[in-house]
Amino acid sequence: MRLIAENLAGERGGETVFANVEFALEDGEALIVTGPNGSGKSTLLRVVADLLPASEGKVRFEGGGEKWPTPSSACHYIGHLNAMKTALTVNENLDFWQRFAGEPALAIAEALEEVGLGHIGHLPFGYLSTGQKRRAALARLLVSRRPVWLLDEPTAGLDKASEKRLAEMMDQHLDEGGIIVAATHLPLGIEGVKSLDMGTRPHG
Ligand SMILES: Nc1ncnc2c1ncn2[C@@H]1O[C@H](COP(=O)(O)OP(=O)(O)OP(=O)(O)O)[C@@H](O)[C@H]1O
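Residues numbered from 1 in each chain as written. Predicted model: local features only at pLDDT ≥ 70, side-chain atom pairs only at ≥ 80, totals over all residues. Heavy atoms only, no water.

Points about the environment of Glu 168
Part 1: Note on placement: Glu 168 falls in helix H7 (residues 160-175).
Part 2: Note on Glu 168: relative accessible area 36%, which makes it partly exposed.
Part 3: For the pair formed by Glu 168 and Glu 29, sequence separation is 139 residues and the distance between their alpha carbons is 15 Å. (Helix = DSSP H or I, 4+ residues; strand = E, 2+ residues; numbered from the N terminus. Buried < 20%, exposed > 50% of the residue type's maximum accessible area, 1.4 Å probe, protein only.)

Things to note about the packing of aromatic side chains
Part 1: Here the structure, examined in full by the defined rule, presents three aromatic pairs.
Part 2: Judged by centre distance (5.2 Å) and plane angle (75 degrees), the rings of Phe 96 and Trp 97 are edge-to-face.
Part 3: For Trp 97, a relative accessible area of 17% gives the class buried.
Part 4: Between Phe 96 and Phe 100 the ring centres are 6.0 Å apart and the planes differ by 20 degrees, which places this aromatic pair in the stacked class. Taken together, the residues span about one helical turn, with Phe 96 and Phe 100 both in helix H3 (residues 90-101) at a distance of four residues.
Part 5: You can call Phe 96 partly exposed: its relative accessible area is 44%.
Part 6: Take Phe 100: its relative accessible area is 53%, and that puts it in the exposed class.
Part 7: Through successive ring pairs, a cluster of aromatic residues spans Phe 96, Trp 97 and Phe 100.
Part 8: Just above the ring of Trp 68 sits the side chain of Lys 67; from NZ or CZ to the centre is 4.8 Å.
Part 9: Residue placement shows Arg 140 over the ring face of Trp 97; its charged tip is 3.8 Å from the ring centre. (Phe/Tyr/Trp six-rings, centres within 6.5 Å; stacked < 30°, edge-to-face > 60°. Lys NZ or Arg CZ within 6 Å of the ring centre and 35° of its normal.)

A word on the site of the ligand
Part 1: Surrounding the ligand, one finds 13 residues, the nearest of these being Gly 38, Gly 40, Lys 41, Ser 42 and Thr 43.
Part 2: Within the side chain of Thr 43, an N or O atom sits 2.5 Å from an oxygen atom of the ligand.
Part 3: His 80 is positioned such that a nitrogen or oxygen atom in its side chain is 3.3 Å from an oxygen atom of the ligand.
Part 4: Contact with the protein chains removes 59% of the 640 Å² of surface that the ligand exposes when unbound. (Near = heavy atom within 4 Å. Polar contact = N/O pair within 3.5 Å; in protein donor to acceptor, adjacent residues only side chain to side chain. Areas by Shrake-Rupley, 256 points an atom, 1.4 Å probe, with all protein chains shown as cover.)

Points about unusual backbone geometry
Part 1: Residues other than glycine seldom take positive phi values, yet Asp 50 does so here, at roughly 65 degrees.
Part 2: Inspection of the secondary structure puts Asp 50 in the loop between helix H1 (41-48) and strand S4 (56-62).

Let's talk about the nonpolar core
Part 1: Of all hydrophobic cores here, the largest spans 32 residues; its most connected members are Leu 112, Leu 151, Met 170 and Ile 180.
Part 2: Per-element tally for this core: the top contributor is H7, with four residues.
Part 3: Listed in part, the 29 residues of the second largest apolar core include Ala 5, Leu 44, Val 47 and Ala 49. (Core = buried A, V, L, I, M, F, W, Y, C linked by side-chain atoms within 4.5 Å.)

A word on the sheet that holds strand S3 (residues 30-34)
Part 1: Strands sit in the order S5-S6-S7-S3-S8 across an open sheet of five strands; the sheet is parallel. Looking at which strands have only one partner, the edges of the open sheet turn out to be strand S5 (75-78) and strand S8 (194-197). Recorded for the sheet is a direction-independent mean angle of 15 degrees between the axes of neighbouring strands.
Part 2: Two elements, strand S6 (residues 148-152) and strand S7 (residues 179-183), share five bridges in a ladder whose sense is parallel. Opposite Asp 152, over in S7, you have Ala 183 as the bridge partner.
Part 3: Running at roughly 155 degrees to S6, H1 makes contact with S3, S5, S6, S7 and S8 of the sheet. (Pairing = 2+ DSSP bridges. Axes fitted to C-alpha atoms, helices over the stretch in contact; angles between N-to-C directions. Contact = heavy atoms within 4.5 Å.)

A look at the sheet that holds strand S2 (residues 15-26)
Part 1: On the basis of which strands lie adjacent, the open sheet formed by three strands has the order S2-S1-S4 and antiparallel pairing. For this open sheet the edge positions go to S2 and S4, each flanked by a neighbour on one side alone. Across the sheet, the axes of successive neighbouring strands diverge by a mean angle of 20 degrees, strand direction being ignored.
Part 2: Lying on the sheet, H1 is in contact with strand S1 (2-12), S2 and S4; it crosses S1 at an angle near 125 degrees.

What follows is the structure, given as structure tokens:
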């Protein structure tokens, strides 16, 4: 499978935030997107996820067959916000996401064990600490199989042990032929990745 960005440009509020972004990622490859605040990392991820339209160029996903014909159908997008309902329990939230994303992988209880939250699936999401909320959101990656992970500051709020666990999850995903695009200010602890510095890019 291949995730390809061609001559991609994105805008917010009518202003071009980035332009001429090009990358091609194959099975098992990761792209780490860095750059200062406001340089367009989140905008790029949202364009790749098809949550925002590209103002120029396009994103393609090849080799996903009928199951994953487009980048948006092939990706898990974990944004800054965790996209979980505070009044629903962690289990209910993950059940929603598993039905939404399809291709069930780990059972919800197993995914929560994997992120060290085995004991709190019954709690409303809103009761969780900041780091626990992030870990519960990251469990979405494990409850459904999707080949592309788009992660916006995935370590925000995580303690050291959870950062290490996330690095292991990402390594495993890459070993299984997955693709990752992650925006981050901190090293993510995964080796052999490609990089894209939005801070050194000319704006459109
Ligand atoms: N809804 C919006 N309307 C107008 N401008 C926006 C909107 N959302 C973001 N922007 C602007 O777009 C630019 C890029 O923002 P973006 O969130 O993509 O940057 P970022 O590199 O992810 O930043 P950070 O490191 O702070 O997360 C910023 O100048 C921001 O103010």
